[in-house]
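Chains, contacts and geometry: an overview
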Amino acid sequence: MADPNIIECARTVLADGSIASVRLTVIDGLIASIEPSANAADDGLLVPAFVDVQVNGVDDLDVWSIARRSDEDGWKRLESALLDRGVGAWCPTLVTAPIDDYADAMRFITTRSDGGGPRNLGVHLEGPFLGSARGAHRSDFVRDPDTEFLAGLPVRPMIVTLGCEHPGAPALIEQLARTGVVVSLGHTRPVRDSYEDAVSRGATMVTHLFNAMGGVAHRDPGLATWVLRDPRVVAGLIADGVHVHPDVIALAFDCKPGRIALVTDSVAWRSGRVGDVTVVEGDAPRLSDGTLAGSSATMSRCIRTCLGAGVPLVEAVRAATIVPARAVGRLDIGAIEVGARADLLRLGDDMEPREMWLSGRRVR
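Throughout this document, residue positions are counted from 1 along each chain, in the order its sequence is written. Residue-level local features of this predicted model are given only where pLDDT is at least 70; pairs of side-chain atoms are given and counted only at 80 or more, and the full residue set underlies all totals for whole chains, interfaces and linings. Only hydrogens and water are removed before side-chain values are computed, so all heavy atoms of the structure are retained for them.

**Comments concerning the overall build of the protein chain**
- Put simply, DSSP marks the helices as runs of H or I at least four residues long and the strands as runs of E at least two long, and each gets a number from the N terminus on. If you tally the helices and strands in the protein chain, you get 11 helices and 18 strands.
- Dimensions of the protein chain, computed from the C-alpha atoms along their principal axes, are close to 60 × 45 × 40 Å.
- Only protein chains enter the accessibility calculation, which uses a 1.4 Å probe. A residue is then buried if its area is under 20% of the maximum for its type, exposed if over 50%, and partly exposed in between. Relative to its 364 residues, the protein chain shows a buried fraction of 55%.
- In the protein chain, the proportion of contacts linking residues at least 24 apart, taken out of those at least 6 apart, comes to 67%. Should any heavy atoms of two residues lie within 4.5 Å, those residues are counted as being in contact.

**Considerations on the packing of aromatic side chains**
- Ring pairs are drawn from Phe, Tyr and Trp, using the six-membered ring of Trp, whenever the two centres fall within 6.5 Å, and their geometry is named by plane angle: stacked under 30 degrees, edge-to-face over 60, tilted for the rest. As enumerated under the stated definition, the model contains six aromatic pairs in all.
- A ring pair is formed by Trp75 and Phe108, whose centres lie 5.9 Å apart and whose planes are at 90 degrees; its orientation type is edge-to-face. Of the two residues, Trp75 sits in helix 2 (residues 72-84) while Phe108 sits in helix 3 (residues 102-110), which places them 33 residues apart along the sequence. With respect to burial, Trp75 and Phe108 carry one shared label: buried.
- Ring centres of Tyr195 and Trp226 lie 5.9 Å apart, and the angle between their planes is 35 degrees; on these two criteria the pair is classed as tilted. In this pair, Tyr195 sits in helix 6 (residues 192-201) while Trp226 sits in helix 7 (residues 223-228), placing the two residues 31 residues apart along the sequence.
- Judged by relative accessible area, which is 1%, Tyr195 ranks as buried.
- Through a chain of ring-to-ring contacts, three or more aromatic side chains come together here, namely Trp64, Tyr102, Phe129 and Phe149.

**Things to note about unusual backbone geometry**
- Residue Pro128 is bonded to the preceding Gly127 through a cis peptide linkage, with omega at 10 degrees.
- Along the chain, Pro128 falls in the loop between strand 10 (124-126) and helix 4 (147-151).
- Even without being a glycine, Ala212 presents a positive backbone phi close to 60 degrees.
- Residue position: Ala212 is located in the loop between strand 13 (203-206) and helix 7.
- On the basis of relative accessible area, Ala212 is assigned to the partly exposed category, the value being 22%.
- Positioned with a positive phi, Ser359 is a non-glycine residue whose angle comes to about 50 degrees.
- Relative to the helices and strands, Ser359 resides in the loop between strand 17 (353-358) and strand 18 (361-362).

**Re the pairing of strand 5 (residues 50-55)**
- Taken across its six residues, strand 5 has six buried, putting it largely inside the fold.
- DSSP calls a pair of strands paired once it identifies at least 2 bridges connecting them. With four bridges joining them, strand 5 and strand 8 (residues 87-95) adopt parallel strand pairing. By the bridge assignment for strand 8, Val55 is matched with Pro92.

**What about the pairing of strand 11 (residues 159-162)?**
- Residue alternation in strand 11 divides its side chains into two sets, Ile159 and Thr161 and Val160 and Leu162, and both sets are buried.
- When strand 10 meets strand 11, the two strands line up parallel, connected through three bridges. Residue pairing across strands places His124 opposite Ile159, the latter belonging to strand 11.
- As judged from the four bridges shared by strand 11 and strand 12 (residues 182-185), these two strands associate in the parallel manner. Looking at the pairing, Thr161 lines up with Ser184 of strand 12.
- Taking the sense of rotation as the criterion, the β-α-β connection linking strand 11, helix 5 (residues 169-178) and strand 12 turns out right-handed. Whether a crossover is right-handed depends on one test, that the path from the first strand over the helix to the second runs clockwise when the strands point away from the viewer.

Here is the structure:
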């Protein structure tokens, strides 16, 4: 048994949603005990390390390009960049691409050991089985639902984002859910019956709520409306203030308490991988026609935007930690509780990372 590691903080967000002054004892990478502390310094806010289930890249580091080249150095740089942002667990995300490219890329990604970097939760396939709302995805690479393709992949994805308009979608959703894949509806404009069928077949998430889907028009409700009223579904939300207005961010949290999972949808906008994009400070990457092409946001920025919109601090933190962790079936991360992995993050008043631990070992 390793020697215990002690971490204290006067403001710690615990799994039950309370904020308390505590003394954590970490043994063998797990939180062994949580005790009240009268002497802990009031030094920032201690939270679980962020869990981001939709990351396409960071700055000039593109997941697809790195995986296609089997670029070990690029992967290590990407992991380091994620740690700088406070991300303790993530889903490397592959957007729509030629069908023959996926197998080798997924093989490379899933054989990367954690090696001191953030926990690799498994691949998020955002495509190629999208619906009619394709956004910045290459339309020529979008395909109809194909059960044979997924059955032939070398590894099982963690999440598959797909559209549900196509007649073949229900069977694919059912197959994926049966094998433990999280099905997320996205880039789609279904009718109500198609949405209900998709959820009944096993879809449990929606990808970047409000974006690339029908909205909340009062005479023509779409997917976003149905998701807001459906407690069965966790909604990913890019809360950068660009993809979703702060007033609508607040609406989403009001409608779905405990069912909003913040995602950055971060892309390697400097890499050229996402096309000819421009980024204006405070905005997001956009194609030349103005189409949003992912984000340049961090989870810290998303939390600040939530707080500015009036979302309570604990709810914003939970949306960046325990909600996405539970959405992909991980019970060992995303919460500060006895028995959980000691993946921890100390935030400053600006919600930026100041210190970080993985399995109780300080990495930042």
